[in-house]
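Chain by chain, the residues:
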Amino acid sequence: MSLPDWLPRSSSAIDPAPDLCPVCQGTGFEYDPVKRRSRRCVRCRGGSESLVERARIPARYRESSFDNFRVNPDDERQKSLVTAVLACRRYVKDYPVERGLGLLFLGPCGVGKTHLAVATANALMRLKRVPCLFYDFRDLLKAIQETYNPQTQMTELSVLRPVYDVDVLILDELGAGKATEWVRDTITHILNTRYNEQKTTIITSNYLDQPSDRYDETLEERIGVRLRSRLYEMCKTIQMFGEDYRQTYLNKRLLMQS
């Protein structure tokens, strides 16, 4: 198959090496058949910035990486955090280890679950050119609900299609908000669809499998027995424990101001 005239030609493009992008043949560009013009290839290393831009990662977490995750390896109280970082680095290095296998970060507020989830996604996009999509659990439900308004131009499928199809979905704060039957049915349908399609899902939740005290709900109580069982198959669980970083940071700032 010959290359289109608009693509720059080189010896590597004509006779591609095995490690070159199969879409753009190493040129960094692909053809957009709708607009009939070239665009940066989002499947190759040259298109990693486009992947990041499309991932919907909140500004606060956009620069999250393993290197800027604050953890003290000599502090025994942060042992689970050190283990979590090492597990994430290994996950990126070996990706995809098992098709569809994701990560489930469980731990209290402020220990860095979202940071590590996004750091993992950033590494996958930049190093392995894997398309990712970030959604806060509550924002995703709200986006779906807004499609029920006849005045909106969005359809439910237009919201859910990228959620179903993206290679890696980052679903932040699973179980947050009111656990109605509609919420449980909706998230179960989304995750079951991704499970059946062997799509990778990275999830964070403040709800643990074992309550920290008698007043706490478990993740199973928030999302239901069937979905929690499904997550055992879909994700490797990473437990994170430690001090609330936000509260610790606030206390230090107040101390400096006093």
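Source: prediction; values computed, not measured.

Cut-offs used in this document
- Residues numbered from 1 in each chain as written.
- Predicted model: local features only at pLDDT ≥ 70, side-chain atom pairs only at ≥ 80, totals over all residues.
- Heavy atoms only, no water.
- Core = buried A, V, L, I, M, F, W, Y, C linked by side-chain atoms within 4.5 Å.
- Buried < 20%, exposed > 50% of the residue type's maximum accessible area, 1.4 Å probe, protein only.
- Helix = DSSP H or I, 4+ residues; strand = E, 2+ residues; numbered from the N terminus.
- Contact = heavy atoms within 4.5 Å.
- Pairing = 2+ DSSP bridges.
- Axes fitted to C-alpha atoms, helices over the stretch in contact; angles between N-to-C directions.
- Right-handed = clockwise from strand over helix to strand, strands pointing away.
- Expected span 1.5 Å × (residues − 1).
- Parallel < 35°, antiparallel > 145°, perpendicular 65-115°, else oblique.
- Left-handed = near helix turned anticlockwise from the far one by under 90°.
- Nonpolar A, V, L, I, M, F, W, Y, C, P; charged D, E, K, R; others polar.

Once that is clear, we can look at the nonpolar core. In this structure, F105, L116 and M240 are the most contacted members of the largest nonpolar core, which totals 34 residues. Those elements that place two or more of their residues in this core are α2 (48–54), α3 (79–94), β3 (102–106), α4 (113–128), β4 (132–136) and β5 (168–172). Here F105 is in contact with C88, K113, L116, A117, T120, I202, I203, T204, S205, I238 and M240, once residues within four sequence places are set aside. By size, the runner-up hydrophobic cluster in this structure holds 29 residues, among which are A143, I144, I187 and L219.

Spatial strand order, β4-β5-β6-β3-β7: 5 strands in an open sheet with parallel pairing. Edge positions in the sheet fall to β4 and β7 (235–239), since each has one partner strand and no second. Ignoring which end each strand starts from, the neighbouring axes of this sheet average 15 degrees apart. The pairing of β3 with strand β6 (residues 200–205) spans 4 bridges and is classified as parallel. Counted as the bridge partner of L106 is S205 from β6.

With that settled, consider the pairing of β5. Taken across its 5 residues, β5 has 5 buried, putting it largely inside the fold. Bridge count for β4 against β5 is 5 bridges, and the pairing is parallel. Bridge pairing links Y135 to L171 in β5. Sheet analysis places β5 next to β6, joined by 4 bridges and oriented parallel. Residue pairing across strands places L169 opposite T201, the latter belonging to β6. Following the chain from β5 across helix α7 (residues 181–196) to the adjacent parallel β6, one finds a crossover that is right-handed.

For the rest of this paragraph, the subject is α7. With 16 residues, α7 should cover 22 Å at 1.5 Å per step; its first-to-last C-alpha distance of 22 Å lies within 8% of that length. Among the residues of α7, V183, T186, I187, T188, I190, L191 and R194 are the ones counted as buried. Against the buried residues of α7 lie α5 (137–146), α6 (156–165), β5, β6 and α9 (225–234).

Interaxial distance between α6 and α7 falls to 9 Å at its minimum, and their mutual angle equals 40 degrees. With respect to α7, the element α6 is oriented oblique. Helix-helix and strand crossings are classified by hand; for α6 and α7 the assignment is right-handed. Packed against α6, whose contacting residues are L160, V163, Y164 and D165, the element α7 presents H189, I190, T193 and R194 at the interface. Its residues assigned to classes, the contact of α6 with α7 shows 4 nonpolar, 2 polar and 2 charged.

Purely geometric stuff here, so don't read any function into it on its own.
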